[in-house]
Amino acid sequence: MDLEPRIPRGPIEDKWDNCKFDMKLVNPANKLKFDIIVVGSGLAGGSAAATLAELGYNVACFCYQDSPRRAHSIAAQGGINSAKNYQNDGDSVYRLFYDTVKGGDFRSREANVYRLAQMSLNIIDQCAAMGVPFAREYGGTLSNRSFGGAQVSRTFYAKGQTGQQLLLGVYSAMSRQIAAGKLKMFTRTEMLDVVVVDGRAAGIVTRNMVTGKIESFSAHAVVLATGGYGNVFYLSTNAMGCNVTAAYRAYKKGAGFANPCYTQIHPTCIPVSGDYQSKLTLMSESLRNDGRVWVPTSADDVALPASQIADDKRDYYLERKYPSFGNLVPRDIASRSAKEVCDEGRGVGPGGRGVYLDFRDSIKRLGEDAIRQRYGNLFHMYEKITNENPYRVPMRIYPAVHYTMGGLWVDYHLQSTIPGLFVLGEANFSDHGANRLGASALMQGLADGYFVIPYTMGHYLAAARPDKVSSDHPEFKKSEQAVKTRIDKLLGINGERTVDDFHRELGKIMWDNCGMARNEAGLKSAVDKIAALRVEYWENVRVLGGSDTFNQSLEKAGRVADFLEFAELMCLDAIERRESAGGHFREEYQTSEGEALRDDQNFTHAAVWEYQGDGKTPTRHVEKLVFENVKLATRSYK
Amino acid sequence: MKLKLHVWRQKGPYTPGEMVQYLAEGINEHMSFLEMLDVVNEDLISKGEEPIAFDSDCREGICGMCSMVINGRPHGPDQGTTVCQLHMRRFRDGDTIYIEPWRARAFPIIRDLVVDRSSFDKIMQAGGYVTANCGSAPDANAIPVAKERADAAFAAAACIGCGACVAACPNGAAMLFTAAKLSHLHHLPQGQPERLRRTQHMVNAMDAAGFGNCTNLYECEAACPKEIDRDVIAMMNRDYAKASFSHRD
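Residues numbered from 1 in each chain as written. Chains lettered and ligands numbered in written order. Predicted model: local features only at pLDDT ≥ 70, side-chain atom pairs only at ≥ 80, totals over all residues. Heavy atoms only, no water.

S.K.: I tried to follow the overall build of chain A on my own but got confused; where do I start?
M.R.: When helices and strands are counted, chain A shows 17 helices and 19 strands. Taken over the C-alpha trace, chain A has a radius of gyration of 24 Å; the compact-globule value for 638 residues is 26 Å, and the two agree within 12%. Projected onto its principal axes, the C-alpha coordinates of chain A cover approximately 75 × 60 × 50 Å. The proportion of buried residues among the 638 residues of chain A is 68%. Across chain A, the fraction of contacts at a sequence separation of at least 24, relative to all contacts at a separation of at least 6, is 74%. Measuring between centres, the 77 positive side-chain charges of chain A sit 3 Å from its 75 negative side-chain charges. (Helix = DSSP H or I, 4+ residues; strand = E, 2+ residues; numbered from the N terminus. Rg over C-alpha atoms; globule rule 2.2 N^0.38 Å. Buried < 20%, exposed > 50% of the residue type's maximum accessible area, 1.4 Å probe, protein only. Contact = heavy atoms within 4.5 Å. Lys, Arg positive; Asp, Glu negative; His and termini not counted. Charge placed at Lys NZ, Arg CZ, Asp CG, Glu CD.)

Structural data, given as structure tokens:
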């Protein structure tokens with residue numbers, strides 16, 4: 001497997017400029033001759049589709065929702081980072097780069113991260129020009145807030161709906177291109193396979209979710225921006241439809257899958273309330289600006305109402321353990337600390353799986369109105385779900401699966417190991433290492449789509465001069481047939497258990513063994529359990545209805561079938577990474593204080609998995625990560 | 001809790017539908033309304049009946065995918081709340097609940113409670129954007145926006161495009177949706193150059209898509225889960241009138 005990262009020449013601050021200069025260009029008239037497929041319409045896919053169409057390429061974009069405006073980027077709450085340094089508080093491109101590399105526990109590729117920090121400047125300009133209603137100061141300039149893992153205020157926001165506003169900006173750019181005839185949008189259409197011809201991505205096979213029609217689409221290049229795989233845990237903050245299918249299908253066609261074990265457990269989510277629960281709801285990290293996290297010092301006090309616990313009986317454990325970052329430590333650390341205090345029996349709420357996020361002091365200091373101004377919609381949402389008023393009683397929160405740093409391996413050009421197959425946003429692995437900092441996902445999605453792919457796509461098309469393969473090519477027919485066979489098989493089993501029932505069981509296996517803390521024995525047992533569950537699935541799942549109608553059970557069944565294979569890959573990766581790094585915490589590898597203990601000697605690399613066939617163990621390759629600018633250090637937020 | 005449900009079932013766009021009665025058992029008050037339907041669906045599947053099709057995705061009130069009329073009210077009885085954020089504690093043991101899809105000429109039914117809202121996308125394509133190619137933007141702080149105007153733009157931009165306004169309107173009008181987008185852009189300096197042209201095009205697209213007209217009943221405002229203010233419609237009407245006199249394409 002060729003894992004040449006194609007890092008450009010020169011010092012880190014010149015790399016992207018050098019890359020742009022060295023890349024070939026496609027002249028405007030020739031752009032009209034190229035067709036590009038984009039799968040996914042979130043911040044990464046949508047911005048890529050719109051920008052490539054603006055440049056003159058013929059773009060077809062696919063999403064499973066009924067409109068591109070609903071992609072799950074919309075649910076991002078807190079904000080987007082940019083090294084604008086509008087606050088004059090010491091920020092710079094280099095500092096954002098450094099914070100991101102450190103936040104990722106030194107497991108990301110330096111050159112990519114530096115470019116991301118550079119692009120962060122352009123993103124804010126572009127979004128403002130498109131009419132994104134960012135929060136403003138009275139003087140009319142843009143406002144900022146702080147996020148975890150940083151000591152500067154560099155997060156731009158639109159109340160607690162930043163993702164929504166950025167996505168609506170992207171959607172508006174797409175709408176303009178759709179009207180101009182440069183972008184063709186396929187909604188309620190799910191990608192079920194990637195087609196590779198002569199070693200290049202040639203197109204995709206899709207299912208129309210309304211009519212059930214299986215179709216092939218060919219193009220000169222394919223872009224996947226299909227998000228993360230957090231729903232492998234069944235309960236996560238992801239939308240119901242988020243899935244790994246597109247990325248996993250690409251993996252099965254030869255794309256390397258990097259670091260699947262890196263998942264982010266977000267510290268501030270509303271705790272689970274029962275078995276019926278279909279998803280978990282995030283409370284934005286921005287709340288940690290003004291909310292203080294605590295549990296009772298003594299396990300005897302957990303049943304008391306918060307108001308009856310005096311200040312000296314409260315343990316503000318993040319402020320105590322990490323005085324310099326306090327409540328704004330990175331997510332992996334905040335999550336693990338919450339688990340720790342709950343494991344000690346000091347958790348609050350039903351089942352003892354919760355900690356307080358308390359606004360009492362900020363309300364006293366700033367007034368209820370100021371807090372409402374900043375977080376009104378989040379407080380409203382919290383009250384809706386829990387029936388508790390967070391202006392009066394502290395919120396109860398607990399960590400939940402939120403984001404996946406792992407993804408398809410890409411080089412500096414965002415190209416996977418399959419030439420012509422590019423991967424953007426959460427679906428790739430490139431920028432966040434073993435842990436993503438808050439407000440960086442939106443930044444990465446937009447950097448990839450608005451500012452990176454328009455250049456690197458041109459270079460691919462100009463340098464490789466790929467031919468467009470007809471969608472009648474035997475490879476397309478073969479893929480279509482495989483897709484149909486699989487659907488018929490799922491519909492034909494007619495067993496005893498529902499798809500959700502299997503999914504829930506898979507989720508529990510993953511949460512228990514491949515969640516916030518992992519160990520070798522647990523992971524190995526998970527591999528066996530997953531394999532057994534998969535066998536049962538294909539014998540005992542019940543999917544009703546037909547293949548040629550709108551059939552939500554069938555859609556879910558295909559996605560869960562892929563999760564049942566992918567989950568095993570995650571566990572394998574977690575077993576082989578014999579160190580703790582960021583979101584991957586192996587109990588065997590920790591410091592005496594219980595912090596993650598990296599093994600830089602043996603694991604300063606991205607692990608990239610190559611599919612070897614069903615039932616065979618995939619091969620693990622490595623891309624060595626070279627740090628020329630940042631010195632590897634123990635991450636400290638104390 | 002035990003509930004009696006009457007749910008609209010319709011196999012496809014061209015087959016007639018009907019209300020079908022179901023019993024929802026083992027429901028608890030912490031469930032969301034959609035989780036209650038999940039439980040009913042699991043039960044239906046185990047009995048060999050096809051589950052009730054309904055749209056939902058983020059289940060945190062922001063994607064705008066979920067869409068159903070509950071006891072005659074789009075998104076159900078709670079003010080400013082999407083159906084995914086509606087919880088069963090709002091109901092009482094033994095209640096009878098009627099569940100129907102959005103009903104409007106411009107939203108044809110796909111199946112059961114799922115409708116086709118692509119007409120909204122068409123309105124957006126007619127002008128719901130600022131023409132600003134990627135790469136051409138000046139520094140974000142070069143264009144100051146007064147906080148009050150930015151806040152007003154945001155209040156309108158909070159629209160999630162769910163279609164409740166249309167479902168609530170006896171005329172099936174999309175005035176609140178269209179006007180919200182216009183109000184968002186027209187409170188900002190970035191939206192000014194295309195203001196009249198945009199208004200004219202989006203209103204025309206709205207009419208062409210088969211949406212009805214406004215007769216000032218404000219059912220839309222009452223149903224809107226994001227509580228968009230009906231004043232946005234007045235702004236749109238003023239701009240449309242202005243555009244009709246001064247702007248020709």
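S.K.: What's the story with the pairing of strand β6 (residues 189-197) of chain A in this structure? I'm lost.
M.R.: On any regular strand, side chains alternate: one points to one face of the sheet, the next to the other face. All names here are of chain A. Counting buried positions along β6 gives 9 out of 9 residues, so the element sits mostly inside the fold. One ladder, built from 8 bridges, connects β6 with strand β7 (residues 200-208); its direction is antiparallel. Counterpart to Val197 in the pairing with β7 is Arg200. Hairpin connection from β6 to β7: 2 residues lie between these consecutive antiparallel strands, with Asp198 at a positive phi of about 50°. (Pairing = 2+ DSSP bridges.)

S.K.: Please clarify how the sheet that holds strand β4 (residues 73-74) of chain B should be interpreted in this entry.
M.R.: The strands that make up a sheet are held in pairs by hydrogen bonds between backbone atoms, and each pair lies either parallel or antiparallel. All names here are of chain B. Strands sit in the order β2-β1-β5-β3-β4 across an open sheet of 5 strands; the sheet is mixed. A single partner strand is all that each edge strand has here, and the edge strands are β2 (18-24) and β4. In the sheet, strand β1 (residues 3-9) pairs with strand β5 (residues 96-100) via 4 bridges, with the strands oriented parallel. Among the inter-strand pairings, Val7 is bridged to a residue of β5, identified as Ile99.

S.K.: Any chance you could explain the environment of Ser153(A) here in plain terms?
M.R.: Residues and elements named next belong to chain A. With respect to the element layout, Ser153 can be found in the loop between α5 (110-129) and β4 (155-156). Accessibility expressed as a relative area gives 22% for Ser153, which makes it partly exposed. Linking Ser153 and Glu137, residues 16 residues apart in sequence, is a C-alpha distance of 14 Å. Those residues within four positions of Ser153 in sequence are excluded, and the remaining contacts are Gln87, Asp89, Asn144, Arg145 and Ser146. Here the side chain of Ser153 touches Ser146 through a polar contact of 2.9 Å, side chain to side chain. (Polar contact = N/O pair within 3.5 Å; in protein donor to acceptor, adjacent residues only side chain to side chain.)

S.K.: Even after reading the chapter, I still don't get the domain arrangement of chain B, so can you show me in this structure?
M.R.: Reports often express the size of an interface as the amount of accessible area lost when the parts come together. Residues and elements named next belong to chain B. For chain B, the assigned domains read domain 1 (3-111) and domain 2 (118-246). Put simply, the middle of domain 1 and the middle of domain 2, counted by C-alpha atoms, are 29 Å apart. At the interface, 17 residues of domain 1 touch 19 residues of domain 2. Between domain 1 and domain 2, a total of about 1300 Å² is buried, with carbon and sulfur atoms accounting for 60% of that surface. Per-residue buried area on domain 1 facing domain 2 is highest for Pro74, Ala106 and Phe107; these three make up 32% of the total on that side. Taken together, domain 1 and domain 2 are joined by 5 residue pairs in polar contact (both at pLDDT 80 or more). (Domains from an automatic or database assignment. Buried area = accessible area lost by both parts, 1.4 Å probe.)

S.K.: Is there a simple way to think about the side chain of Glu54(A) in this case?
M.R.: Residue placement: Glu54(A) occurs in helix α3 (residues 43-55). The class of Glu54(A) is buried, set by a relative accessible area of 18%. Only 3.4 Å separates the side chain of Glu54(A) from the side chain of Arg176(A), close enough to count as a polar contact. Excluding residues that lie within four positions of it along the chain, Glu54(A) makes contacts with Arg176(A), Gln177(A), Ala132(B), Asn133(B) and Cys134(B).

S.K.: Please clarify how the packing of aromatic side chains should be interpreted in this entry.
M.R.: Aromatic ring pairs are described here by two measures, namely the spacing of the ring centres and the angle between the planes. All names here are of chain A. Considering all chains together, one arrives at 35 aromatic pairs over all chains under this definition. Taken together, the ring pairs in this structure connect Tyr229, Tyr248, Tyr251, Phe257, Phe566 and Tyr611 into an aromatic cluster. Between Arg145 and the ring centre of Tyr157, over which it is positioned, the NZ or CZ distance is 3.8 Å. The residue whose ring lies beneath Arg559 is Tyr64, and the NZ or CZ to ring-centre distance is 5.2 Å. (Phe/Tyr/Trp six-rings, centres within 6.5 Å; stacked < 30°, edge-to-face > 60°. Lys NZ or Arg CZ within 6 Å of the ring centre and 35° of its normal.)

S.K.: Would you take a moment to explain the domain arrangement of chain A for this structure?
M.R.: Residues and elements named next belong to chain A. What the domain assignment reports for chain A is domain 1 (12-265 + 404-464), domain 2 (268-402) and domain 3 (474-597). In this structure, domain 1 and domain 3 have C-alpha centres spaced 25 Å apart. Listed per partner, the contact involves 49 residues of domain 1 and 44 residues of domain 3. Of the roughly 3800 Å² buried at the junction of domain 1 and domain 3 (both faces included), carbon and sulfur atoms supply 62%. Among the residues of domain 1 in contact with domain 3, Val232, Tyr234 and Cys261 are the three that bury the most area, contributing 18% of the side total. Joining domain 1 to domain 3, the criterion identifies 4 salt bridges. Run the count over domain 1 and domain 3 and you get 19 residue pairs in polar contact (both at pLDDT 80 or more). Secondary structure elements with two or more residues in the side of domain 1 that touches domain 3: β6, β7, β8 (214-218), α7 (245-252) and β11 (263-269). With 7 residues, β6 is the single largest residue contributor to the side of domain 1 that touches domain 3. A breakdown of the residues in the side of domain 1 that touches domain 3 according to their chemical character gives 27 nonpolar, 12 polar and 10 charged. (Salt bridge = Lys/Arg side-chain N within 4 Å of Asp/Glu carboxyl O. Nonpolar A, V, L, I, M, F, W, Y, C, P; charged D, E, K, R; others polar.)

S.K.: Explanation requested: the pattern of salt bridges in the structure shown.
M.R.: One side chain can pair with another of opposite charge once the charged atoms of both are near each other. Residues and elements named next belong to chain A. Tallied over the entire structure, the rule returns 77 salt bridges over all chains. Across the salt bridge formed by Asp105 and Arg635, the nearest N and O atoms sit 3.5 Å from each other. With Asp105 in the loop between α4 (93-103) and α5 and Arg635 in the segment after β19 (619-624), this residue pair connects regions lying 530 residues apart in the sequence. No difference in accessibility class separates Asp105 from Arg635, as the two residues are buried. Across the pair Asp311 and Arg314 runs a salt bridge, and its minimum N-O distance is 3.9 Å. Its relative accessible area of 46% is what places Asp311 among the partly exposed residues.

S.K.: Where do I start with the packing of helix α13 (residues 474-493) of chain A against helix α15 (residues 520-540) of chain A in this structure?
M.R.: Packed helices, taken two at a time, are described by the angle between their axes plus the distance between the axes. All names here are of chain A. Close contact between α13 and α15 brings their axes to 7 Å; oriented N to C, the two are set at 80°. Considering the angle they form, α13 stands roughly perpendicular to α15. Here Arg486, Lys489, Leu490 and Ile493 of α13 lie close against α15, whose contacting residues are Tyr537, Trp538, Glu539 and Asn540. Residue composition of the contact of α13 with α15, by class: 4 nonpolar, 1 polar and 3 charged. (Axes fitted to C-alpha atoms, helices over the stretch in contact; angles between N-to-C directions. Parallel < 35°, antiparallel > 145°, perpendicular 65-115°, else oblique.)

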